[in-house]
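In case you want the letters, here they are:
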Amino acid sequence: MRWNDLFDDLAGQFDAEHERARRLEAVEDERLRVARTTLRQRLAALQATLEPGECIDLELLSGDRLRAEPIEFGAEWFFARLPSVAGHYASVLVPLAGMGSVILTRSQLDRSLAPRPEAPESLTARLGFVMPLRDLARRRVHCELTTTLGVLRGTIDLVARDHLDLAVHDLDTPRRTPDVAAFRVVPLHEIRLVRVAGDVAN
């Protein structure tokens with residue numbers, strides 16, 4: 001009986017050590033997962049859990065603060081609606097490089113870090129900042145660009161690798177050459193926010 005007790009005790013110690021090692025490994029795996037998480041991944045994970053109408057607060061490097069409902073994520077940008085904005089510019093294109101901080105509730109903070117099942121990335125999720133800008137240019141949508149030097153309004157004529165051409169004109173005036181006040185060439189890294197006339201974030 002004493003031998004049986006000894007073997008049972010050893011087996012119990014082995015099981016306890018194995019369980020302790022497993023827990024430590026799980027803690028380390030979670031620490032590494034969180035350490036590798038990008039801002040885009042956290043925001044996309046949070047967006048997947050948002051209730052209808054639930055928003056997040058953004059503080060941009062321009063100093064602007066927005067209450068936004070993220071709709072679609074690209075590789076380095078996202079589209080969002082501004083539910084509190086009536087009329088024009090109710091949708092925005094936000095480059096991640098233009099964000100100063102994200103203000104979240106405790107629940108949103110936790111959800112942004114919660115592990116999610118791996119899923120294949122959509123085509124949109126792999127697109128860079130130039131692609132939605134080119135789509136706006138193709139649609140001839142009036143935009144308001146917030147840059148480090150101020151605000152520009154008009155229609156995007158062309159989007160190149162690292163800059164765009166903006167035909168500056170009033171919102172209520174169609175983009176016709178006689179009505180264009182100026183043509184501005186804007187480096188993409190200077191753009192902090194793109195407000196979009198109408199609702200194209202569907």
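Remember, predicted model here, so these are calculated numbers, not experimental data.

A few words now on the overall build of the protein. Counting secondary structure elements, the protein contains four helices and ten strands. Expressed as a percentage of the 202 residues in the protein, the buried residues total 35%. Within the protein, residue pairs in contact and separated by at least 24 positions form 58% of the contacts whose partners lie at least 6 positions apart. As displayed, the protein has an accessible area near 12,300 Å², and 54% of this comes from carbon and sulfur atoms.

What follows concerns the packing of aromatic side chains. Evaluated as defined, the whole model comprises two aromatic pairs. Their ring planes at 85° and their centres at 6.0 Å tell us that W77 and F79 sit as a pair that is edge-to-face.

What helix 2 (residues 39-47) keeps buried is the set R40, L43, A45 and L46. Against strand 1 (56-60), strand 2 (65-73), strand 3 (77-81), strand 5 (99-103) and helix 3 (106-113) lie the buried residues of helix 2.

Considering all chains together, one arrives at ten salt bridges under this definition. Salt bridges linked by common partners bring D135, R138 and R139 together as one network.

Right, let's talk about the confidence of the model for the protein for a bit. Mean pLDDT over the protein works out to 87, with 85% of the residues at or above the 70 mark. Averaged pLDDT values for the elements of the protein fall to 69 in helix 1 (residues 2-35) and rise to 98 in strand 8 (residues 163-168).

Note that E54 resides in the loop between helix 2 and strand 1. Given the relative accessible area of 17%, E54 is considered buried. Beyond its immediate stretch of four places on either side in the chain, E54 contacts T49, E69, Q108 and R111.

In terms of burial, strand 3 is largely enclosed, as four of its five residues are buried. Where strand 2 folds back on strand 3, the antiparallel hairpin that results is connected by three residues. Where strand 3 lies against strand 4 (residues 91-95), five bridges are found, and the strand directions are antiparallel. Looking across to strand 4, one finds that W77 is bridged to P95.

Helix 3 packs onto helix 2 with a crossing angle of 115° between their chain directions and a minimal axis gap of 7 Å. As far as their axial angle goes, helix 3 and helix 2 are roughly perpendicular. Note on packing geometry: the crossing formed by helix 2 with helix 3 is right-handed. On the side of helix 2, the interface is formed by R42, A45 and L46, while helix 3 contributes Q108, L109, R111, S112 and L113. Tallied by class, residues from the contact of helix 2 with helix 3 come to four nonpolar, two polar and two charged.

Take the sheet that holds strand 8 next. A sheet is described by the order of its strands in space; here ten strands give the open sequence 5-1-2-3-4-10-6-7-8-9, paired in antiparallel fashion. If you trace the sheet from one side to the other, it starts and ends with strand 5 and strand 9 (182-187), each paired once. Within this sheet the neighbouring strands show an average axis-to-axis angle of 40°, counted without direction. The pairing of strand 8 with strand 9 spans six bridges and is classified as antiparallel. Bridge pairing in strand 9 links D165 to V185. Of the strands in this sheet, strand 1, strand 2, strand 3 and strand 5 touch helix 2, which is tilted by about 85° from strand 2.

If you look at the biggest cluster of nonpolar residues, it comprises 22 residues, and the most contacted ones within it are L133, I156, L164 and V194. Setting aside anything within four residues of it in sequence, one finds I156 in contact with L133, L136, A137, R140, C143, L164, D165 and L166. One finds L43, L60, M99 and L193 within the second-largest nonpolar core, a separate group that totals 17 residues.

About the criteria used
- Residues numbered from 1 in each chain as written.
- Predicted model: local features only at pLDDT ≥ 70, side-chain atom pairs only at ≥ 80, totals over all residues.
- Heavy atoms only, no water.
- Helix = DSSP H or I, 4+ residues; strand = E, 2+ residues; numbered from the N terminus.
- Buried < 20%, exposed > 50% of the residue type's maximum accessible area, 1.4 Å probe, protein only.
- Contact = heavy atoms within 4.5 Å.
- Areas by Shrake-Rupley, 256 points an atom, 1.4 Å probe, with all protein chains shown as cover.
- Phe/Tyr/Trp six-rings, centres within 6.5 Å; stacked < 30°, edge-to-face > 60°.
- Salt bridge = Lys/Arg side-chain N within 4 Å of Asp/Glu carboxyl O.
- pLDDT = per-residue confidence, 0-100.
- Pairing = 2+ DSSP bridges.
- Axes fitted to C-alpha atoms, helices over the stretch in contact; angles between N-to-C directions.
- Parallel < 35°, antiparallel > 145°, perpendicular 65-115°, else oblique.
- Left-handed = near helix turned anticlockwise from the far one by under 90°.
- Nonpolar A, V, L, I, M, F, W, Y, C, P; charged D, E, K, R; others polar.
- Core = buried A, V, L, I, M, F, W, Y, C linked by side-chain atoms within 4.5 Å.

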